[in-house]
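Here's the letter readout for the chains.
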Number of protein chains: 2
Amino acid sequence: MGDKSLLVKDLGERGLLERLQRYCPVDVVGDDGAILTTDPHKSLVVTTDVLVDGVHFSDRTTSPYDVGWRATAANLSDLAAMGATPLGITVGLSLPGDKEVDWVEEIYRGIDGCLNLYPTPLVGGDICRSTVTTIAITAFGEVSPQKALLRSSARPGDAILVTGLHGLSRGGLELLLHPNQENNLEPIEFQRLIKAHQRPLPRLDVLPYLTQIPDSIAIAGMDSSDGLADAVIQICENSNVGAIINLTNLKVFSGLIKLVGLEQAQEYLLYGGEDFELVLCLPQNHALLLVEKLGNDAKIIGKITDGKEIKIALQESPDLEKTLNINKGFRHF
Amino acid sequence: MGDKSLLVKDLGERGLLERLQRYCPVDVVGDDGAILTTDPHKSLVVTTDVLVDGVHFSDRTTSPYDVGWRATAANLSDLAAMGATPLGITVGLSLPGDKEVDWVEEIYRGIDGCLNLYPTPLVGGDICRSTVTTIAITAFGEVSPQKALLRSSARPGDAILVTGLHGLSRGGLELLLHPNQENNLEPIEFQRLIKAHQRPLPRLDVLPYLTQIPDSIAIAGMDSSDGLADAVIQICENSNVGAIINLTNLKVFSGLIKLVGLEQAQEYLLYGGEDFELVLCLPQNHALLLVEKLGNDAKIIGKITDGKEIKIALQESPDLEKTLNINKGFRHF
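Just so it is clear, the model here is predicted, and its values are computed rather than measured.

### Some details on the relation of the copies chain B and chain A
- Least-squares fitting of chain B to chain A yields an RMSD of 0.0 Å, with the transformation described by 0.0 Å of translation along the axis and a rotation of 180 degrees. In short, the pair behaves as if placed about a two-fold rotation axis. Using C-alpha coordinates, one finds that chain B approaches the rotation axis most closely at P40 of chain B, a distance of 2.0 Å.
- Comparing contact sets, 100% of the residues at the interface of chain B also lie at the interface in chain A, consistent with an isologous, same-surface contact.

This is the structure:
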């Protein structure tokens, strides 16, 4: 872990940059910009995210390693949400001079840990002094123009598919905020909730399955980083369609029910956010095939309608419907 | 200018994003990432920069419009420094909730003003709450692999060429910091210094001239954003060569001498930074031709040597040499 007491201001910008360049491939650093080779038949996809100490992460619930991991996962998830394979990321870090160098390096180790799973290079960045630690990540990837997942291409009749469980990240946060609460979680449930919050996995693994679907079949989609309900709402608004979600089709993780009860668990599931699953809309037959291939907790949870309403059916009976509350999503200000 | 008293927290993230999306092309916003078409024969170039309130800019010397302009110019200059034509930029903005919406919009107007000269789209971004305003810009562009300007390809015998005057941005800052000082500047000199600081122009206009030079001629280069001396030092270190700069060849702007005297003006010229000119190293004959085409204040200022020393010749006599002081550059911590 190196010298604990070494501060950023002791090293200076040049010294710190030299240390952090270890996390970049040798051939791309040291110039005004990074040069990357791209696939000539693909389009470039770019996405950016800013995380601020005390707003998006805190030392109380998140180690610096996990801060780096989560920031990276969020950006790679945005690429997955576009159907794009990552080419690289850049990291713009601003931080106080009295921050420990080791803390900063832990962030980069976390970034590196997440990137290595996919594998994606860190191709550049900038560091500078500030009173508050801020991490700005820009990720870029490439996608065949026919395979881009847009929010605007959902059509009435499409099945709505989720690639995995929801609400776990919010449950993990609850456990971290209240570590001493009584709960009857099995160790494996406990670990899964914590990991969902600290080390989420962007669903880039889903993309190869999408390439097997004919180009003529439009797939709408986005990730559920701001919550499952928000994802459904965004797709419906952008595609000018409605949706009906069957709540009985939404699998609730057992540990989540033990932790907060069924009703709260369903709230987490719809509005918790940061699960980084994909929400995809595509014709029923292709959706069924995709669910089979993805396995695990992939599931069809409802369908796109040609109305404008987004409804949640609590049971199979259409009488018991309530409208999704658009205002429950995470607000940044 | 809109409603002066409207605050960021009154609009919320969604409302603010909607306002700022006016500055983006309609077809690229509203999804998880922006999709851009690239030239199949070119490489992707990526660069990123972070600017922090109180460190890189302040309300005292810089209006929000100019903050946006300068941040954009710095990033486009990094692309120019790689020989790359811009494809787009993303902006990650973190700011206090009690910031005026109009202030934020002025930043985007400044970004837009600079981008429109080249013309380059703003293709995405993120905004979030923080205690300190931070702007993280990532710019990406494309370059023919043979035309990339690297710091590492300078060769002994190459002429060292600057595309314009240096020290003016530092002089402009001096004027802004001490507005009431006595000086004998002509209005045109005054304006030029101020503009050099507030509205610098990245030298993307130089790139078409470089494409006229045969691909077999390697051109080394970078921009002088951290100072002319720093640029020469970086190129020499990365190319494993030395350099001799002839100080008598370095044209000093008349207004700068009036403002601070010749000696201080030469200091600004070498170490001031933020002039965003290009420093290029190429064979003498091509350099002479390029200077002629560029006109204005483009000039050959010295040559690359096969030693390791970087020397400044004060006069034509080689006795009067001093070694460039590597430590004088801008330090961020």
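### Some details on the UniProt feature "binding site: Mg(2+) 2" (unreviewed entry) in chain A
- Listed under "binding site: Mg(2+) 2" (unreviewed entry) in the UniProt record, and renumbered for this structure, are D49 and D78 of chain A. Maximum C-alpha separation among the annotated residues is 9.3 Å over a sequence range of 30 residues, consistent with a single clustered spot.
- Here D49 of chain A is to be found in strand β2 (residues 43–52).
- Taking the relative accessible area as the measure of exposure, D49 of chain A reaches 17% and is therefore buried.
- With sequence-adjacent residues up to four places away left out, D49 of chain A is seen in contact with A74, N75, D78, I135, A136 and I137 of chain A together with D126 of chain B.
- Mapped onto the elements of the fold, D78 of chain A is located in helix α2 (residues 64–81).
- Look at D78 of chain A and you get buried, because its relative accessible area is 10%.
- Ignoring any residue separated from it by four or fewer positions in sequence, one finds D78 of chain A in contact with T47, D49 and D223 of chain A together with D32 of chain B.

### Focus on the pairing of strand β6 (residues 159–162) of chain B
Residues and elements named next belong to chain B.
- Side-chain alternation along β6 places A159 and L161 on one buried face and I160 and V162 on a second face that is also buried.
- Pairing of β6 with strand β9 (residues 278–282) involves four bridges; the strand directions are antiparallel. Considered in β9, the bridge of A159 is made with L282.

### Topic: the UniProt feature "binding site: substrate" (unreviewed entry) in chain A
All names here are of chain A.
- Mapped onto the present numbering, the UniProt feature "binding site: substrate" (unreviewed entry) falls at H56, E274 and F330.
- Summarising the element assignment, H56 is placed in the loop between β2 and α2.
- Relative to the elements of secondary structure, E274 occurs in the loop between α9 (262–271) and β9 (278–282).
- Residue class for E274 comes out partly exposed when judged on its relative accessible area of 31%.
- For E274, the contacting residues outside a window of four places in its chain are R70, S169, A196, H197, S224 and S225.

Quick notes on the rules
- Residues numbered from 1 in each chain as written.
- Chains lettered and ligands numbered in written order.
- Predicted model: local features only at pLDDT ≥ 70, side-chain atom pairs only at ≥ 80, totals over all residues.
- Heavy atoms only, no water.
- Least-squares fit on C-alpha atoms with pLDDT ≥ 70 in both.
- Contact = heavy atoms within 4.5 Å.
- UniProt positions renumbered as here; feature names shortened; annotations may be inferred.
- Helix = DSSP H or I, 4+ residues; strand = E, 2+ residues; numbered from the N terminus.
- Buried < 20%, exposed > 50% of the residue type's maximum accessible area, 1.4 Å probe, protein only.
- Pairing = 2+ DSSP bridges.

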